[in-house]
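Working through the structure, step by step
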Amino acid sequence: MEPFLKKFFPSVLRQAGAAETNIYCQYDSQLLTAFTSSLYIAGLVASLVASRVTAALGRKNTMVLGGLTFFAGGAINGGAVNVAMLILGRILLGLGVGFTNQAAPLYLSEVAPAKWRGAFNTGFQFFIGIGVVASNFLNFFLSKHPWGWRLSLGLAVVPAAIMTLGAALISDTPSSLVERGRLRDAKQSLIRIRGAGADVEGELDDLVRSVGAAKAADREPFVTILERRHRPQLVMAVAIPFFQQVTGINIIAFYAPVLFQSIGFGKDSALISSTILGVVNLGAILVSTAVVDRYGRRFLFVAGGLQMLVCKVRWIRRRVRYNSENRGKCILI
């Protein structure tokens, strides 16, 4: 948004008027990169400690903590008067993302019935997709207003408030309560989740045994996972997200408007195209939710991987041709 760039990144706005070859030239700003990247760096740092915080405080309290942090970040960004406030707000948003991304999927896995666990977890991604589509719509309608950027950044407080309030009203997972020695609360939580007429004694006993076995081992989890017998799980836990990230899919999601502008779209068209991209992503999540528990996770990995492979090969061919035609110009792959 031009009012946003004019207030905080005027050099980028000046470069926009002079850029003749590629839209990437105008966004060559270390300060703008710091604003963008600070959220993800903070999220990375939070993710490294989130597992211990989740174990010590519980899933519920960690979600409340993440929601409050996210609320503070959105409020600071919406009311920012300088770049320092923008970056501080982004850092708080990143910390909130790191904590909630750890606690929320874990909470869903622990309370979901076994036969619907996959659908519950894809539901988490589904609502992230809804947030992406909603933000794209807001950006499009607010892009013409001088104060539109404040609403685009500041309205993050709305989902943060809903998440914080919702997390405060729910009970913690039985597994988390057993870990912290609160057996009576764990039983009440199980009854609340499974229904008043459900026999929860067997499930509670299983939880107590599994938690007891884990505590009896008394070993550092990060050391245990390096043992030879856990190597297949470790390899998959690292390889799957690593190769998913290096495909560049997150860059497409985060910088979609800029990418669409770089191939000749106008600003409005780029925002509309980003919205369409979000809607397609939302549709794919719905399909995944419907089939994940029926056909399994492996089926989705294979189907998604084949689609990405085909699209990537086509993209590489187009990019090679583009680079050969624009050799020497300011471009960034």
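Residues numbered from 1 in each chain as written. Predicted model: local features only at pLDDT ≥ 70, side-chain atom pairs only at ≥ 80, totals over all residues. Heavy atoms only, no water.

Rules: UniProt positions are given in the numbering used here, feature names are shortened, and annotations may be inferred rather than shown by experiment.
Under an unreviewed UniProt entry, the chain has the name Major facilitator superfamily (MFS) profile domain-containing protein and belongs to Linum tenue. Its UniProt record gives the chain the following Subcellular location (unreviewed entry) comment, quoted word for word: "Membrane". In its Sequence similarities (unreviewed entry) section, the UniProt entry covering the chain states "Belongs to the major facilitator superfamily. Sugar transporter (TC 2.A.1.1) family."

1. Description of the overall build of the chain
What counts, and what does not: A run of H or I in DSSP becomes a helix once it reaches four residues, and a run of E becomes a strand once it reaches two; helices and strands are each numbered from the N terminus. Residue exposure (1.4 Å probe, protein chains only): buried if accessible area is under 20% of the type maximum, exposed if over 50%, otherwise partly exposed. Residues are treated as being in contact if the distance between any of their heavy atoms lies within 4.5 Å. Every accessible area reported is derived by Shrake-Rupley at a probe size of 1.4 Å, with residue values counting cover from the shown protein chains alone.
Along the chain, the regular secondary structure elements total 17 helices and 0 strands. Per-residue burial for the chain yields a buried fraction of 32% across its 333 residues. Nonlocal contacts in the chain, meaning residues at least 24 apart in sequence, comprise 66% of its contacts between residues at least 6 apart. Total accessible area computed for the chain in this model is approximately 20,000 Å², and 67% of it derives from carbon and sulfur atoms.

2. A short note on the confidence of the model for the chain
For clarity, the threshold we go by: On a range of 0 to 100, pLDDT expresses the predictor's confidence in each residue.
Summing up the model confidence of the chain, the mean pLDDT is 82 and the portion of residues at 70 or higher is 89%. By mean pLDDT, helix H2 (residues 10–18) is the weakest element of the chain at 68, and helix H4 (residues 59–78) is the strongest at 93.

3. Section: a positive patch on the surface
Heads up, the condition is: Surface patches are drawn from residues lacking salt bridges whose relative accessible area is over 30%; two like charges belong together within 9 Å, two nonpolar side chains (Val, Leu, Ile, Met, Phe, Trp, Tyr) within 5 Å. Any Lys or Arg side-chain nitrogen located within 4 Å of an Asp or Glu carboxyl oxygen qualifies as a salt bridge. Lys and Arg are tallied as positive, Asp and Glu as negative. Neither His nor the chain termini are counted. Where a charge lies is defined by one atom per residue type: Lys uses NZ, Arg uses CZ, Asp uses CG and Glu uses CD.
Residues Arg314, Arg317, Arg318 and Arg321 make up a contiguous surface patch of positive charge. Position of Arg318 relative to the elements: it lies in helix H17 (residues 297–325).

4. Focus: the nonpolar core
Stated formally: Nonpolar cores are built from buried Ala, Val, Leu, Ile, Met, Phe, Trp, Tyr and Cys residues. Side-chain atoms within 4.5 Å join them into one set.
Within the largest apolar cluster, 11 residues are counted, these being Phe4, Leu5, Phe8, Phe9, Val12, Leu32, Phe35, Ala80, Val83, Leu86 and Trp149. Of all elements in the fold, only helix H1 (2–8), helix H3 (30–57) and helix H5 (83–111) reach the threshold of two or more residues within this core. Sort the elements by how many residues they give to this core and H1 lands first, with 3 residues. Apart from residues no more than four positions distant in its own chain, Ala80 is found in contact with Lys7, Phe8, Met85, Leu86, Trp149 and Arg150. Counting 8 residues, the second largest nonpolar core, distinct from the first, contains Val178, Val200, Leu204 and Leu207.

5. Things to note about the UniProt feature "transmembrane region" (unreviewed entry) in the chain
Under the present numbering, the feature "transmembrane region" (unreviewed entry) in UniProt falls on residues 31–50, 62–81, 87–108, 120–141, 147–170, 234–258 and 270–292. Counting secondary structure, residues 270–292 comes out at 100% helix and 0% strand; the distance between its end C-alpha atoms is 32 Å.

6. Here we look at the pattern of salt bridges
Close approach of charged atoms allows side chains with opposite charge to pair. Under the defined criterion, the tally for this structure stands at 6 salt bridges. A salt bridge links Glu179 to Arg59, with the nearest nitrogen and oxygen atoms 3.4 Å apart. Of this pair, Glu179 sits in helix H9 (residues 174–179) while Arg59 sits in helix H4, placing them 120 residues apart in sequence. A relative accessible area of 28% places Glu179 in the partly exposed class. Between Arg209 and Asp206 there is a salt bridge, and its shortest N-O distance comes to 2.3 Å. A residue pair is termed a helical-turn pair when its members lie 3 or 4 positions apart in one helix, as Arg209 and Asp206 do in helix H11 (residues 201–217) at 3 residues.

7. Concerning the packing of H4 against helix H8 (residues 157–169)
Quick note on the threshold: With axes taken as lines fitted to C-alpha atoms, and helix axes fitted only over the stretch in contact, angles between N-to-C directions fall between 0 and 180 degrees. Here roughly perpendicular refers to angles of 65 to 115 degrees, roughly parallel to angles under 35, roughly antiparallel to angles over 145, and oblique to all remaining angles. The sense of a crossing depends on the near helix, which, turned anticlockwise from the far helix by less than a right angle, makes the crossing left-handed and, turned clockwise, makes it right-handed. All residues other than Ala, Val, Leu, Ile, Met, Phe, Trp, Tyr, Cys, Pro, Asp, Glu, Lys and Arg, Gly among them, are scored as polar; the first ten of these are nonpolar and the last four charged.
Close contact between H4 and H8 brings their axes to 8 Å; oriented N to C, the two are set at 160°. Here H8 runs roughly antiparallel to H4, going by the angle between their axes. Taken as a pair, H4 and H8 cross one another with a handedness that is left-handed. Residues Lys60, Met63, Val64, Gly66, Gly67, Leu68, Phe70, Phe71, Gly74 and Ala75 of H4 form the contact with H8, whose own contacting residues are Val157, Ala160, Ala161, Met163, Thr164, Ala167 and Ala168. For the contact of H4 with H8, a count of residues per class yields 12 nonpolar, 4 polar and 1 charged.

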